[in-house]
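A structural walkthrough
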Amino acid sequence: MAPGLLVDESAAQQIPRISKNNSDAPRNIFPDGIRTSGQHPPLYDALKPYSEFPKEISGPTVWKRDDFANNPERWVHHFTDEEVQELSDTADAFIASGTPLTGISKENFVLPKLGPVLANLREDLLNGKGFILFKRFPADVWGPEKNAVAYMGLGTYLGYFVSQNGRGHVLGHVKDVGDDPTQIHTVRIYRTAARQFFHADDGDIVGLLCVHRAQEGGESDIVSVHNVWNILQKEHPDVAELLTKPIWYFDRKGEVSDGEQEWVRQPVVYIENGGKGRVYCKWDPYYVRSLTRFSDAGLIPALSEEQLHAMKVLEETCQQEALHMVLEVGDIQFLSNAHLLHARTAYKDFAPPSPRRHLLRLWLATPEGEGGWALPMPDSREKKRGGIQVNDTPPKAPLDAE
């Protein structure tokens, strides 16, 4: 099937989404009064043709590996003893208050000294290089509850936490729980030890706190989308153009609300719908490859040879340009999902009884009205835009993988 050929989605019984006021959700279900908006098709009328995309991007969001590989002082922040103490005292006070973890916010997790540091970081994540690595978080000293509280408390200064799966988990656990990574139509790869190709998550910012390391592997790679775009425009303009077309179907792996489709059709790269007119990327090859159950049934087109080629070129370009880092216990990595892609190598855990590799994950939303990017999505201005929300599944912050 040629690229750009679409199926008639009316045949797939497309049912309109029920409109909800996600910023005024029932507090008996959502303790902070805000529901995760969830996954949406883009505003197709707001999508720009390839001819309107820049031939070359410049500015602080464009960086190369050599800019940072030998300059860790430009992207690593070591928590000071004073900052750790403030975080510890605030976490203890929050736990003593009895407030549910899903109700944590800047208002009830006050950080007078760290707050300004995090505000500057938020600006750099959104409009600068797009990443930071914190060190010296005492994950090996504090217990699971205090780790979770302090980590989520930090996150509230960067964005609003959103649900990461159909079970409502706002605190995710990146851990091999024994799921089969070959069953990509049902399995989320973060719950396996398999390699993760370059991708972005369904939140504006992703955070990863390392609680336990693997015996080997599980290392992190990140890349500037805008640097990759510049290379594609120069060396593979056909690939760049294909990525701007809304011909890419993304699997929702059954995490859908009543009446919603099992997939979303969209481009891989967009231009902001207003704002600064920047190039934005939304990509995960696992979610594109896992749709054969629908393409075999004729409900959506199968991936074309041109699309498979584009996927290969995109991954190879990302690998070529990536900055590599290793997360040690107590490291926290925060990344932009708007203008960075990230990947993980496969890993092997220590044999029992040693603990398995374990990272705590946050997906954080930065709405358009609070400095976030102007996305061509219907929920761009919602506080908890993006994420994965199934019906009114309440948010949960489990202290270990479920």
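Procedures and definitions
Residues numbered from 1 in each chain as written. Predicted model: local features only at pLDDT ≥ 70, side-chain atom pairs only at ≥ 80, totals over all residues. Heavy atoms only, no water. Salt bridge = Lys/Arg side-chain N within 4 Å of Asp/Glu carboxyl O. Helix = DSSP H or I, 4+ residues; strand = E, 2+ residues; numbered from the N terminus. Buried < 20%, exposed > 50% of the residue type's maximum accessible area, 1.4 Å probe, protein only. Pairing = 2+ DSSP bridges. Phe/Tyr/Trp six-rings, centres within 6.5 Å; stacked < 30°, edge-to-face > 60°. Lys NZ or Arg CZ within 6 Å of the ring centre and 35° of its normal.

An unreviewed UniProt entry annotates the protein as Taurine catabolism dioxygenase of Podospora australis.

Concerning the pattern of salt bridges
Taken as a whole and judged by the stated rule, the model has 15 salt bridges. The salt bridge partner of D392 is R35, with a shortest N-O separation of 3.0 Å. Linking D392 in the segment after β17 (358–365) with R35 in the segment before α1 (65–68), this pair joins segments that are 357 residues apart in sequence. Look at R35 and you get buried, because its relative accessible area is 6%. In this structure, the salt-bridge partner of R293 is D251, at a minimum N-O distance of 2.9 Å. Highlighted residues: R293 in helix α8 (residues 292–295) and D251 in strand β9 (residues 248–251), separated in sequence by 42 residues. Classification of R293 by relative accessible area gives partly exposed; the value is 31%. Judged by its relative accessible area of 2%, D251 is buried.

Brief notes about the pairing of β17
Within a regular strand, the side chains alternate between the two sheet faces. Counting buried positions along β17 gives 8 out of 8 residues, so the element sits mostly inside the fold. Both faces of β17 are covered, namely the face carrying H358, L360, L362 and L364 and the face carrying L359, R361, W363 and A365. The pairing of strand β3 (residues 160–161) with β17 spans 2 bridges and is antiparallel. Looking at β17, one finds that Y160 is bridged to A365. As paired elements, strand β4 (residues 172–174) and β17 share 3 bridges and run antiparallel to each other. Residue pairing for β17: V174 is matched across the bridge by L359. By the bridge criterion, 7 bridges tie strand β6 (residues 205–212) to β17 in an arrangement that is antiparallel. Following the sheet pairing, L208 is matched in β17 by R361.

Focus on the packing of aromatic side chains
The full count for this structure, using the stated rule, is 15 aromatic pairs. Arranged with centres 6.1 Å apart and planes meeting at 90°, the rings of F250 and W283 form a pair that is edge-to-face. With F250 in strand β9 and W283 in the loop between β12 (279–281) and α7 (285–289), this residue pair connects regions lying 33 residues apart in the sequence. Accessibility assignment for this pair places F250 and W283 in one class, buried. Aromatic rings pair up to connect W63, F68, W75 and F131 into one cluster. Over the ring of Y347 we find R357; its NZ or CZ atom is 4.8 Å from the centre of that ring. Positioned above the aromatic ring of F161, the side-chain terminus of K384 is 4.0 Å from the ring centre.

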